[in-house]
Amino acid sequence: MPLHPLGRTWAQTLQEDRAAVILADALGFHDAFIGEHLTDQHENITNSLLFLATLISDTRQIRLATGTTNLSQQHPVLVAANSAMFDHLSNGRFILGISPGALTSDAEALGILHEDRNQMFAEAIDVITRIWELDPPYSIDLPGNRFKVTTETTLDYDFGVGILPKPLQQPRPEIVGTVVAPYSKGVIAMGQRDFHPLSANFLLPQWVATHWLNYVQGKEAVGEVADPADWRVARTVFVADDPAVAESYGRGDADSPYRFYYSQMLKKMRKLGRLGLFKTHQDQPDDEVTLDHVLDKLVITGTPESVTKQLLALHDEIGAFGELVYAGLDWVDEALARRSMELMAQQVMPNVNATLGSAA
């Protein structure tokens with residue numbers, strides 16, 4: 001979810017975001033999650049699926065993931081059908097990332113500001129998965145669910161109408177849910193339904209660790225064993241050849257995109273009353289939650305050797321997980337941004353995986 005400063009044209013930032021995914025594909029990154037907001041000038045991709053569709057022919061191996069599709073904002077039939085088509089267009093490289101959609105200005109613009117969007121989300125995903133499981137005419141009428149789906153009166157196999165498409169991946173594409181709060185109960189439900197959690201980059205590691213415990217609880221509730229390979233953890237990382245550059249671009253300079261990102265996040269969470277995300281303990285005074293405090297706790301920056309050590313320390317702190325998600329930010333300095341991704345793919349992750357593999 002690259003957070004761009006105001007003043008750049010929309011075309012410029014969209015092309016930059018495309019370039020980041022194309023580079024990630026060339027470097028062997030496993031997947032790319034793209035966020036969406038309708039009314040945010042900083043995070044200005046309005047439809048993640050539409051954006052990702054522009055990347056299918058320009059990428060070869062990377063899996064293309066909505067990060068997320070905001071389920072309170074679309075009818076589930078649209079999500080199920082469009083996602084199924086995308087899965088075929090991408091030859092099975094699709095991942096459906098889901099969330100309710102948290103931006104209140106989006107909700108107001110759509111006339112759902114006062115609706116229970118978490119409930120809409122829960123109802124929508126039930127219908128999406130049922131559409132993919134069932135054959136026509138579907139007859140989906142779940143208790144307490146506002147979304148009723150049927151083609152009973154119009155179904156005609158001879159004409160080929162009344163039939164919703166199914167994804168290429170069977171029984172369905174991977175479904176990933178973002179986790180943005182400590183001790184999130186939603187992770188329990190993910191475990192129960194075999195959805196996979198992605199822990200947010202703006203959560204302190206100690207709060208990220210709470211997600212795994214809840215995922216295990218959800219899996220145990222349905223008699224299954226949780227697999228750490230299913231857990232993604234996002235972090236804000238910058239790698240440079242020069243340690244001084246790593247510190248300045250990654251944290252210190254006024255023009256640092258990392259500083260800008262967390263300045264915006266700190267303002268947003270303060271306004272929303274969610275500063276607890278940045279606190280080392282819940283009774284920590286608000287005035288101790290400064291920008292430098294947040295940058296120190298949440299930005300992993302340094303040379304390849306230093307970043308490798310920091311990521312191994314993260315692994316020790318939160319436990320085993322399957323995938324590190326590298327948070328994409330504005331390319332204030334394109335050469336440095338590209339070099340960071342190269343160092344991450346070519347030096348840091350091979351060293352991390354080699355160390356973890358030898359310790360297994």
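Here the structure is shown first, and the text comes after it.
The structure presented is a predicted model; accordingly, all values stated were derived computationally and were not measured.

## Quick word on the layout of surface pockets
Here comes step 1: In this model, the second largest pocket occupies a volume close to 220 Å³.
Here comes step 2: N47, L49, L50, N82 and S83 are, among the 16 residues lining the second largest pocket, the residues nearest its centre.
Here comes step 3: For the lining of the second largest pocket, the secondary structure elements donating two or more residues are helix 2 (48-53) and helix 3 (76-89).
Here comes step 4: A total of 7 residues in the lining of the second largest pocket trace back to one element, the largest contributor, which is helix 3.
Here comes step 5: Residues belonging to the lining of the second largest pocket are distributed by class as follows: 9 nonpolar, 6 polar and 1 charged.

## Let's talk about the packing of aromatic side chains
Here comes step 1: Taken as a whole and judged by the stated rule, the model has 10 aromatic pairs.
Here comes step 2: Aromatic pair W212 and Y215: ring centres 5.8 Å apart, planes at 40°, arrangement tilted. Of this pair, W212 and Y215 are both found in helix 7 (residues 205-221), 3 residues apart, which corresponds to roughly one turn of the helix. For the pair shown, W212 and Y215 are each scored as buried.
Here comes step 3: Taking the centre distance of 4.8 Å and the plane angle of 45° together, the rings of F238 and Y249 count as tilted. Pair noted here: F238 is in strand 7 (residues 232-239) and Y249 is in helix 8 (residues 243-252), with a separation of 11 residues, a long-range link. Each member of the pair, F238 as well as Y249, carries the same accessibility label: buried.
Here comes step 4: Grouping aromatic residues by their ring pairs yields a cluster made of W212, Y215, W231 and F321.

## As for the side chain of T69
Here comes step 1: With respect to the helices, strands and loops of the structure, T69 is situated in strand 3 (residues 69-70).
Here comes step 2: Discounting chain neighbours no more than four positions away, the residues touching T69 are E36, S48, Q74, V79, L96, G97, I98 and S99.

## Observations regarding the nonpolar core
Here comes step 1: Counting residues in each nonpolar core, the largest one holds 91 residues, and the members touching the most others are I131, F202, Y262, F278, L311, M341 and M344.
Here comes step 2: If sequence neighbours within four positions are ignored, I131 has contacts with P76, V77, A80, Y138, I140, V149, L164 and K166.

## A short note on the pattern of salt bridges
Here comes step 1: In total, this model carries 20 salt bridges according to the counting rule given.
Here comes step 2: Put simply, K268 and E43 hold a salt bridge, and the shortest N to O gap is 3.8 Å. Placement of K268 in helix 9 (residues 257-272) and of E43 in the loop between strand 1 (31-34) and helix 2 is noted, with a sequence separation of 225 residues between them.
Here comes step 3: On the accessibility criterion, K268 (30% relative accessible area) is partly exposed.
Here comes step 4: Here D141 ties to K148 by a salt bridge, and the two come within 2.8 Å at their closest N and O atoms.
Here comes step 5: By relative accessible area, D141 is classed as exposed at 55%.
Here comes step 6: Linked by salt bridges that have partners in common, D31, E174, R232 and E323 make up one network.

Analysis parameters
Residues numbered from 1 in each chain as written. Predicted model: local features only at pLDDT ≥ 70, side-chain atom pairs only at ≥ 80, totals over all residues. Heavy atoms only, no water. 1 Å grid on protein atoms, 1.4 Å probe; cavity = no way out; pocket = protein on both sides within 12 Å on 5 of 7 lines; lining within 4 Å. Points joined across faces, edges and corners; volume = space filled by probe spheres on them. Helix = DSSP H or I, 4+ residues; strand = E, 2+ residues; numbered from the N terminus. Nonpolar A, V, L, I, M, F, W, Y, C, P; charged D, E, K, R; others polar. Phe/Tyr/Trp six-rings, centres within 6.5 Å; stacked < 30°, edge-to-face > 60°. Buried < 20%, exposed > 50% of the residue type's maximum accessible area, 1.4 Å probe, protein only. Contact = heavy atoms within 4.5 Å. Core = buried A, V, L, I, M, F, W, Y, C linked by side-chain atoms within 4.5 Å. Salt bridge = Lys/Arg side-chain N within 4 Å of Asp/Glu carboxyl O.

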